[in-house]
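Survey of secondary and tertiary structure
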Amino acid sequence: MEEFRHSYSRLCKESGAEPQETVLQQLQELPRGRLDLATQSLTVDTCRALGKLLQKEALLTELILSDCMLSEEGATLLLQGLCAHTVVRFLDLKGNNLQAAGAEALGQLLRQNKSIQSLTLEWNNLGTWEDAFATFCGALAGNGTLRQLDLRNNQISHKGAEELALALTCNASLQQLDLRWNSIGLLGGRALVNSLPRNRTLWRLELAGNNVPGDILRAVEQAMDHNQERQTTSRESQARTRVLSKEVKHLREEKSRQFLDLMETIDKQRKEMARSSRASAACVGQLQEALNERHSIINALKAKLQMAEAALALSEQKAQGLGELLATAEQEQQSLAQKQAKEHRMEQQEAAERESKLLRDLSAANEKNLLLRNQVDELERKVRAQQEQLFLARQELSNTTAELKMRANQAEERLELEKKRSRQSLEDLEQLRAKEVEHMTRHLEESERAMQERVRRLEALRLSLEEELSRVKAAALSERGQAEEELIKAKNQVRLEERQHLAHLEEKLRLQAQARDEAQSACLQQRQTVAEAQARASQLGLQVEGLRRRLEELQQELSNKDQEKVAEVTRVRVELREQNGRLQAELTAQEALKEKVAALERRLKVIAGDHREALLDRESENASLREKLRLKEAEIARIREEEAQRAGFLQNAVLAYVQGSPLRAISPQK
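None of the values given here were measured: they were computed from a predicted structure.

1. Considering the overall build of the protein
Helices and strands together make up the secondary structure of the protein, namely twelve helices and seven strands. A compact globule built from 670 residues should have a C-alpha radius of gyration of about 26 Å, whereas the protein, at 49 Å, is more than 25% larger. Principal axes of the C-alpha set define a box for the protein whose edges measure 180 × 95 × 30 Å. Counting over 670 residues, the protein shows a buried share of 31%. Taking all contacts inside the protein whose residues are at least 6 apart in sequence as the whole, residues at least 24 apart take part in 86%.

Put into structure tokens, the structure is as follows:
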């Protein structure tokens, strides 16, 4: 901060003003990355210098300017300096009496700055000027980085709350909003509640001290809980997808590594077989040269041929045994594949049944909502009928008053005589009105209890649906665990089969090595017999030619055996590839199942969200209907009182007129 302090002093001197000592002292004591000038009375020159410095300072993350008694010009200069800043995260402007110019400067800051995440504006006057506050709300709607906003004690009216509601419908980053101790009222609270269903990021909204009714506060709390649950579920789903992707990647790497190891072992075996075949070919050449030179004995060769034929029979029997083992392994794999397909079909059927059950529950909830709407429509029709009756009564009263005005001048002289009677009749009417008021209050209380009972039933239905959703989630989690266990079992079984196959191949190689050793020992014995049979070599020339032909046939048979071994190795290799392909297909099937489970979970979440939004709409509609009923009942009571008074006056006037009329005396004769 020493460089920042020197730059501040230099800019103040260049503008012709002296730097403030308190600001210099605070700059000397502050830690790196944080500028705290709280409770410092900042002048306009100081604000101008700080605004220029903030445009160049790249290490400042927190700026605290609470209770600094900023003027409109000073606050504008500071906020203009912060517009181009890309590092600051926290800004505190508490208690600075910001007004119209400050609100517009804050709006420009929110439009241009892309780094501020927390903004504290407590104890200001932003809501007093509606146009400037509307500009601030418009900038808030387009901001994509702000996470926390504090607007306590800013004299925000219901119109300002409506502007904030419009901003919340467009904003997709704000998570915490504090509006305590303002003047939002009923209309502002309703506007905020109506904007919350379209905002999916805000999870904390404080409205205490705003004269907002309790039902609106409860609706706000429910919306906040809904958004918080949505964020937690999204974070959990993202973590699950990351874990599953890592696991699938690890499995693929492990499979590829195992396949490469198997290919390396097969190549090594092929090289060893080629080397052994070359060695055997060299031994056969040496034997042929020895036979050409020394003409070995026919009987010994016949015995050796019989031994070779026995060895070939043994090798054929072993090959047949290996073929049977491979056939059994293929049958087991086919049975496993059929079993997995059957389990997959069962899981699909269960998922379809669950989905149909959820759809039936949703249709039942929709039917209940339609019943409630029909009841509300019936109440509205009754209210309209009462209004029509009142209109007719008013017309009749207007007609009667027109007639009475003509006779009122004649009845004024006789009103004095009927005062006592009118007082008595007024008292009777007052008693009747009190009885009617009591009857109406009892009726209203009964209707209110019925509506509360309906609300409790709807709440119980919502709780049951949430429990069903939790049960479906638990079932999906258990199914996913079972699928993962089956995948682990399949992996272990494949590894065991690969190990068994490798053991079979090693046993075959060991048997071939034993046969090679036996052939070498036979060659030594043949050499000994050749040394013994040198005396009889001249007699067996013709037989040697036949033996040569026999050797050529044996060489041909050996080459055929080598080709058969190579074909068997290639066949085993192809089978391993096919098995690897089947395992990959099973992995893709498991991934498809996981995707279906995730889709079902998303669908359940959407259904639950729609149901909650419908419940919120129903509660708001019930509240508005209650308010309308209350207003209508008050108006009906007032009209009844007026009609009772007018009827009393009319009755008195008519009685007075009849009693004082000259026709009364001759009415019996008529």
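2. Comments concerning helix H4 (residues 72-83)
For H4, spanning twelve residues, the distance from its first C-alpha to its last is 17 Å, which sits close to the expected 16 Å at 1.5 Å a residue. When H4 is considered as a whole, its buried residues turn out to be Gly 74, Ala 75, Thr 76, Leu 78, Leu 79, Gly 81, Leu 82 and Cys 83. Residues of H4 that are buried sit in contact with helix H3 (44-54), strand S2 (62-64), strand S3 (90-92) and helix H5 (100-112).

3. Overview of the side chain of Ser 173
Its location among the elements puts Ser 173 in the loop between helix H7 (158-170) and strand S6 (176-178). For Ser 173, the contacting residues outside a window of four places in its chain are Asn 143, Gly 144, Thr 145, Leu 146, Arg 147 and Thr 201.

4. Considering the nonpolar core
Formed by 72 residues in total, the largest nonpolar core has its most connected members in Leu 121, Leu 149, Leu 151 and Leu 179. If near-sequence neighbours (up to four positions away) are discounted, Leu 179 is found in contact with Leu 151, Ile 156, Leu 164, Ile 184, Leu 192, Leu 205, Glu 206, Leu 207, Ala 208 and Asn 210.

5. A look at the environment of Gln 333
Relative to the helices and strands, Gln 333 resides in helix H10 (residues 298-411). Along the primary structure Gln 333 and Asn 194 are separated by 139 residues, whereas in three dimensions their C-alpha atoms are 60 Å apart.

6. Focus on the packing of H7 against helix H8 (residues 185-195)
At their nearest, the axes of H7 and H8 sit 8 Å apart, and the two run at 5 degrees to each other. Regarding the angle of H7 to H8, the classification is roughly parallel. Between H7 and H8, the contacting residues are His 158, Ala 161, Glu 162, Leu 164, Ala 165, Leu 168 and Thr 169 on the first element and Leu 187, Gly 188, Ala 191, Leu 192 and Ser 195 on the second. In terms of residue class, the contact of H7 with H8 is made up of seven nonpolar, four polar and one charged.

7. Regarding H7
When the terminal C-alpha atoms of H7 are compared, their 19 Å separation across 13 residues agrees well with the 18 Å that a helix rising 1.5 Å per residue should span. Within the sequence span of H7, burial applies to Gly 160, Ala 161, Leu 164, Ala 165, Ala 167 and Leu 168. Buried residues of H7, seen end-on, are gathered within an arc of 165 degrees and therefore sit on one face of the element. Opposite its buried face, H7 presents the exposed residues Leu 166 and Cys 170, each directed more than 90 degrees away. The inward-facing, buried residues of H7 contact helix H6 (130-142), S6 and H8.

8. Quick notes on the pattern of salt bridges
When the charged atoms of two side chains lie near each other, side chains of opposite charge can form a pair. Applying the stated criterion across every chain yields a total of 20 salt bridges. In this structure, Glu 206 and Arg 204 form a salt bridge, with 3.7 Å as the shortest nitrogen-oxygen distance. Note that Arg 252 and Glu 591 form a salt bridge whose closest N and O atoms lie 3.8 Å from each other. Taken as a pair, Arg 252 in helix H9 (residues 214-294) and Glu 591 in helix H12 (residues 541-660) lie far apart in primary sequence, 339 residues in all. Taking relative accessible area as the criterion, Arg 252 reaches 55% and is therefore assigned exposed. Under the relative-accessibility criterion, Glu 591 is labelled partly exposed at 25%.

9. Looking at the packing of helix H1 (residues 2-14) against H3
Close contact between H1 and H3 brings their axes to 9 Å; oriented N to C, the two are set at 130 degrees. Overall, the two elements H1 and H3 adopt an arrangement that is oblique. Between H1 and H3 lies a crossing of right-handed hand. Contacts between H1 and H3 involve Phe 4, Ser 7, Tyr 8, Leu 11 and Cys 12 from the former and Thr 46, Ala 49, Leu 50, Lys 52 and Leu 53 from the latter. Classifying every residue of the contact of H1 with H3 gives seven nonpolar, two polar and one charged.

10. Remarks on a negative patch on the surface
Taken together, Glu 104, Glu 130, Asp 131, Glu 162 and Glu 163 make up a surface patch of like negative charges. Those elements that place two or more of their residues in the negative patch are H6 and H7. For Asp 131, the location among the structural elements is in helix H6. Look at Asp 131 and you get exposed, because its relative accessible area is 67%.

11. With respect to the sheet that holds strand S1 (residues 34-36)
Read from one edge of the open sheet, seven strands run S1-S2-S3-S4-S5-S6-S7, paired in parallel fashion. In this open sheet, the two edge strands, each paired with only one partner strand, are S1 and strand S7 (204-206). Averaged over all pairs of adjacent strands, the angle between strand axes in this sheet comes to 0 degrees, irrespective of strand direction. Alignment of S1 against S2, held across three bridges, turns out to be parallel. Across the sheet, residue Leu 35 finds its bridge partner in S2, namely Leu 63.

12. Observations concerning unusual backbone geometry
Trans peptide bonds make up the majority, and among non-glycine residues the majority have a negative phi. Despite not being glycine, Thr 39 has its phi angle at roughly 60 degrees, a positive value. Tracing the backbone through its elements, the reader meets Thr 39 in the loop between S1 and H3. According to the relative accessible area criterion, Thr 39 is exposed, its value standing at 58%. Backbone geometry at Asn 97 places phi at a positive 55 degrees, although glycine is not the residue there. Looking at where Asn 97 falls in the secondary structure, it is placed in the loop between S3 and H5. Since its relative accessible area comes to 39%, Asn 97 is described here as partly exposed.

13. Quick notes on the state of the cysteines
Within the structure shown, the criterion is met by zero disulfides. Here Cys 12 is not cross-linked by a disulfide; its sulfur's nearest cysteine counterpart is in Cys 47, at 10 Å. Judged by relative accessible area, Cys 12 falls into the buried class, the value being 0%. Left without a disulfide partner, Cys 170 is nearest to the cysteine sulfur of Cys 137, which lies 11 Å away. Given the relative accessible area of 55%, Cys 170 is considered exposed.

14. Here's the deal with the environment of Leu 312
For Leu 312, the position within the fold is in helix H10. Residue classification places Leu 312 among the partly exposed positions, given a relative accessible area of 29%. Distance from Leu 312 to Lys 561, taken between C-alpha atoms, is 9.4 Å for residues 249 residues apart in sequence. Those residues in contact with Leu 312 that sit more than four places away from it in its chain are Glu 557 and Lys 561.

15. Points about the environment of Gly 185
For Gly 185, the position within the fold is in helix H8. It is 9.7 Å that separates the C-alpha atoms of Gly 185 and Ile 156, two residues lying 29 residues apart in sequence. Beyond its immediate chain neighbours, meaning those up to four positions away, Gly 185 contacts Asn 210, Asn 211 and Val 212.

Conventions used here
Residues numbered from 1 in each chain as written. Predicted model: local features only at pLDDT ≥ 70, side-chain atom pairs only at ≥ 80, totals over all residues. Heavy atoms only, no water. Helix = DSSP H or I, 4+ residues; strand = E, 2+ residues; numbered from the N terminus. Rg over C-alpha atoms; globule rule 2.2 N^0.38 Å. Buried < 20%, exposed > 50% of the residue type's maximum accessible area, 1.4 Å probe, protein only. Contact = heavy atoms within 4.5 Å. Expected span 1.5 Å × (residues − 1). Core = buried A, V, L, I, M, F, W, Y, C linked by side-chain atoms within 4.5 Å. Axes fitted to C-alpha atoms, helices over the stretch in contact; angles between N-to-C directions. Parallel < 35°, antiparallel > 145°, perpendicular 65-115°, else oblique. Nonpolar A, V, L, I, M, F, W, Y, C, P; charged D, E, K, R; others polar. Arc of directions from axis to C-beta. Salt bridge = Lys/Arg side-chain N within 4 Å of Asp/Glu carboxyl O. Left-handed = near helix turned anticlockwise from the far one by under 90°. Patch = residues over 30% accessible without salt bridge, like charges linked within 9 Å, V, L, I, M, F, W, Y side chains within 5 Å. Areas by Shrake-Rupley, 256 points an atom, 1.4 Å probe, with all protein chains shown as cover. Lys, Arg positive; Asp, Glu negative; His and termini not counted. Charge placed at Lys NZ, Arg CZ, Asp CG, Glu CD. Pairing = 2+ DSSP bridges. Disulfide = S-S within 2.5 Å.

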